[in-house]
Protein chains: 2
Amino acid sequence: MANSIEFFFDFSSPYGYFASTQIEALATKYGRDVLWRPFLMGAALKVMNAPPNVEYPLKGEYARHDFDRTARWFGVPFRTPTPFPVATVAACRAFYWTDAQDPKRAKEVAMALFKAYFVEGINIGEAENVVKVCADTGLDADALRAGIGEAAVKERLKAITDEAIKRNIFGSPFIIVDGEPFWGTDRLPQVEKWLANGGF
Amino acid sequence: MANSIEFFFDFSSPYGYFASTQIEALATKYGRDVLWRPFLMGAALKVMNAPPNVEYPLKGEYARHDFDRTARWFGVPFRTPTPFPVATVAACRAFYWTDAQDPKRAKEVAMALFKAYFVEGINIGEAENVVKVCADTGLDADALRAGIGEAAVKERLKAITDEAIKRNIFGSPFIIVDGEPFWGTDRLPQVEKWLANGGF
């Protein structure tokens, strides 16, 4: 099988959520699979000395407007949650705890977390909310609650975030096809052209 | 006739250049005309406390890569010039001096300036280069050289840049259709959908 598509994202990123609704169908169309790689984008923003986009003067209001319009563009449900953005350490750890056992299941967990935050307005910055959302997908709440605290899970998230920064992965979504980096939901048409032609 | 499309851009912006190669055909398709509005994006970056994108850690290298790929995507000639970015005060003033006499001619001047910088590598940060590029389109060099220094021309550029910031226009290109703001070349498909449907 051809190389997997790497899909880096932050659980608190609307554009990460939008991409999550598109990426699997796109990959399947071109015979690829997708490695989902949530990371802590805040670590990259720190290196860049940049605030989250909604906190910029001038840009902040536009960003919120663009979230809503982009949701309509893709035809997916969306509402900017409050608080926004939130820290996604617990969400990422829940993902990697599940991923270590069953990567397919981990994608379901990721989709449930995105939906909880961006559709239902559940604050996934709170660990107990993460546990509840994941339990609703069928995971064992107690096992997950313990899993989030495991050293190996914490280390996995740290390693992925360090790797992201080392590879200049600074935004969400950040999609890598055969080594070629694409930042942003708005690069999906270019991702598709790249997949179709092996580059352009 | 329907409202004009407002096309704000900075002459030192690759994405502004890419949009300049697309916007007139798109507007014509939907029976619109385009008001070209070069401004000094540096003033907005100052308000945002943000550096030019190529100067960000992590993001800078990606930005340069994305310029080249986006040029291939649109099938237009492009090379990141040196130095990059540059101050575009003279380029903007040359535009507005021409625009006051003949807006259609001013668009030709704008296209010539973009081509000089992003295709031929001429440093349009230098006023004398701006005069030369504009003279090659048929403008009178001496008249333009004097025009760039006119108080009314300077005031016009200042007013446009102040207006941009007041309207939260922080990037390039920044395209406004019937009051709806779109930032970035990558929003052109959304601009088209908006034009086709009167919103979405």
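It should be emphasised that the depicted structure is a prediction, and the values quoted were computed from it without experimental measurement. (Residues numbered from 1 in each chain as written. Chains lettered and ligands numbered in written order. Predicted model: local features only at pLDDT ≥ 70, side-chain atom pairs only at ≥ 80, totals over all residues. Heavy atoms only, no water.)

Observations regarding the sheet that holds strand E4 (residues 180–183) of chain B
Residues and elements named next belong to chain B.
Then, number 1: With mixed pairing, 4 strands are arranged side by side in an open sheet as E2-E1-E3-E4. Single-partner strands in this sheet number two, and they are strand E2 (34–38) and E4. For this sheet, the mean angle separating the axes of adjacent strands, direction not counted, is 20°.
Then, number 2: Both strand E1 (residues 5–9) and strand E3 (residues 174–177) contribute to a ladder of 3 bridges, which runs antiparallel. Following the sheet pairing, Phe8 is matched in E3 by Phe174.
Then, number 3: Most of the contacts of helix H6 (residues 103–118) go to E2, to which it runs at about 50°, and overall it touches E1 and E2. (Pairing = 2+ DSSP bridges. Helix = DSSP H or I, 4+ residues; strand = E, 2+ residues; numbered from the N terminus. Axes fitted to C-alpha atoms, helices over the stretch in contact; angles between N-to-C directions. Contact = heavy atoms within 4.5 Å.)

A short note on helix H4 (residues 59–74) of chain B
Residues and elements named next belong to chain B.
Then, number 1: Taking 1.5 Å per residue as the helical rise, H4 with its 16 residues ought to reach 22 Å, and the 22 Å between its terminal C-alpha atoms agrees with that figure.
Then, number 2: Those residues of H4 lying buried are Lys59, Gly60, Tyr62, Ala63, Asp66, Phe67, Arg69, Thr70 and Ala71.
Then, number 3: Backbone geometry just downstream of H4 places Gly75 in the positive-phi region, at approximately 70°. (Expected span 1.5 Å × (residues − 1). Buried < 20%, exposed > 50% of the residue type's maximum accessible area, 1.4 Å probe, protein only.)

Remarks on the side chain of Ser172 of chain A
All names here are of chain A.
Then, number 1: Mapped onto the elements of the fold, Ser172 is located in the loop between helix H9 (151–166) and strand E3 (174–177).
Then, number 2: Of note is the side chain of Ser172, whose polar atom sits 2.9 Å from the side chain of Ser13.
Then, number 3: Residues contacting Ser172, with those up to four places away along its chain left out, are Phe9, Asp10, Ser13, Tyr15, Gly16, Met41 and Trp183. (Polar contact = N/O pair within 3.5 Å; in protein donor to acceptor, adjacent residues only side chain to side chain.)

Thoughts on the pairing of strand E2 (residues 34–38) of chain A
Residue and element names in this part refer to chain A.
Then, number 1: Taken across its 5 residues, E2 has 4 buried, putting it largely inside the fold.
Then, number 2: By the bridge criterion, 5 bridges tie strand E1 (residues 5–9) to E2 in an arrangement that is parallel. Bridge pairing in E2 links Glu6 to Leu35.

As for the confidence of the model for chain A
Then, number 1: In this model, chain A carries a mean pLDDT of 97, and residues with pLDDT of at least 70 account for 100%.
Then, number 2: Scoring the predicted complex yields pTM 0.96 and, for the interface, ipTM 0.95. (pLDDT = per-residue confidence, 0-100.)

Observations concerning the relation of the copies chain B and chain A
Mapping between the two chain copies consists of a rotation about an axis together with a translation along that axis.
Then, number 1: Mapping chain B onto chain A calls for a screw motion: a turn of 180° about the axis and a shift of 0.0 Å along it, with 0.0 Å RMSD after fitting. The two molecules are tied by a two-fold rotation axis, judged by turn and shift. Across chain B, the rotation axis passes nearest the C-alpha of Asp186 of chain B, at a separation of 3.0 Å.
Then, number 2: The share of interface residues of chain B whose copies in chain A are also at the interface is 100%, consistent with both copies meeting through the same surface. (Least-squares fit on C-alpha atoms with pLDDT ≥ 70 in both.)

Things to note about the interface of chain B and chain A
Then, number 1: Residue-level contacts link 32 residues of chain B with 32 residues of chain A.
Then, number 2: Between chain B and chain A the total buried area reaches about 3200 Å² when both faces are included, carbon and sulfur atoms providing 60% of it.
Then, number 3: Connecting chain B to chain A are 6 salt bridges.
Then, number 4: A salt bridge links Arg187 of chain B to Asp186 of chain A, with the shortest nitrogen-to-oxygen separation between them at 2.9 Å.
Then, number 5: The tally of links between chain B and chain A comes to 19 residue pairs in polar contact (both at pLDDT 80 or more).
Then, number 6: Contributing elements (two or more residues each) for the side of chain B that touches chain A: helix H3 (41–48), H4, E4 and helix H10 (188–197) of chain B.
Then, number 7: Looking at the side of chain B that touches chain A, the element that brings in the most residues is H4 of chain B, giving 9 residues.
Then, number 8: Class assignment for the residues of the side of chain B that touches chain A results in 19 nonpolar, 4 polar and 9 charged. (Buried area = accessible area lost by both parts, 1.4 Å probe. Salt bridge = Lys/Arg side-chain N within 4 Å of Asp/Glu carboxyl O. Nonpolar A, V, L, I, M, F, W, Y, C, P; charged D, E, K, R; others polar.)

A closer look at unusual backbone geometry
Then, number 1: A cis amide bond links Ser172 of chain A with the next residue in sequence, Pro173 of chain A, at an omega value of 0°.
Then, number 2: Its place among the elements puts Pro173 of chain A in the loop between H9 and E3.
Then, number 3: Looking along the chain, the bond that leaves Thr82 of chain B and enters Pro83 of chain B is cis, with omega of 0°.
Then, number 4: As for its placement among the helices and strands, Pro83 of chain B is situated in the loop between H4 and helix H5 (89–101).
Then, number 5: Non-glycine residue Asn168 of chain A carries a positive phi angle of around 60°.
Then, number 6: Among the structural elements, Asn168 of chain A can be located in the loop between H9 and E3.

Focus: the packing of helix H6 (residues 103–118) of chain A against helix H7 (residues 127–135) of chain A
Residues and elements named next belong to chain A.
Then, number 1: Where H6 contacts H7, the two axes come as close as 9 Å, and the packing angle between them is 120°. In terms of orientation, H6 lies oblique with respect to H7. Viewed along their axes, H6 and H7 form a crossing whose handedness is right-handed. Of the residues in H7, those in contact with Val109, Ala112, Leu113 and Ala116 of H6 are Val130, Val133 and Cys134. (Parallel < 35°, antiparallel > 145°, perpendicular 65-115°, else oblique. Left-handed = near helix turned anticlockwise from the far one by under 90°.)

Thoughts on the pattern of salt bridges
Then, number 1: Enumeration according to the criterion identifies 34 salt bridges over all chains in this entry.
Then, number 2: The salt bridge involving Glu6 of chain A is made with Arg167 of chain A; its shortest N-O contact spans 2.9 Å. Placement of the pair is Glu6 of chain A in strand E1 and Arg167 of chain A in the loop between H9 and E3, with a sequence separation of 161 residues.
Then, number 3: Given the relative accessible area of 18%, Glu6 of chain A is considered buried.
Then, number 4: Overall, Arg167 of chain A belongs to the partly exposed group, its relative accessible area being 33%.
Then, number 5: Ionic pairing is found between Lys132 of chain B and Asp136 of chain B, a salt bridge with its closest N-O pair at 3.9 Å. Note that Lys132 of chain B and Asp136 of chain B are positioned in helix H7 (residues 127–136) at a spacing of 4 residues, about one turn of the helix.
Then, number 6: Assessed through its relative accessible area of 54%, Lys132 of chain B is described here as exposed.
Then, number 7: Residue class for Asp136 of chain B comes out exposed when judged on its relative accessible area of 61%.

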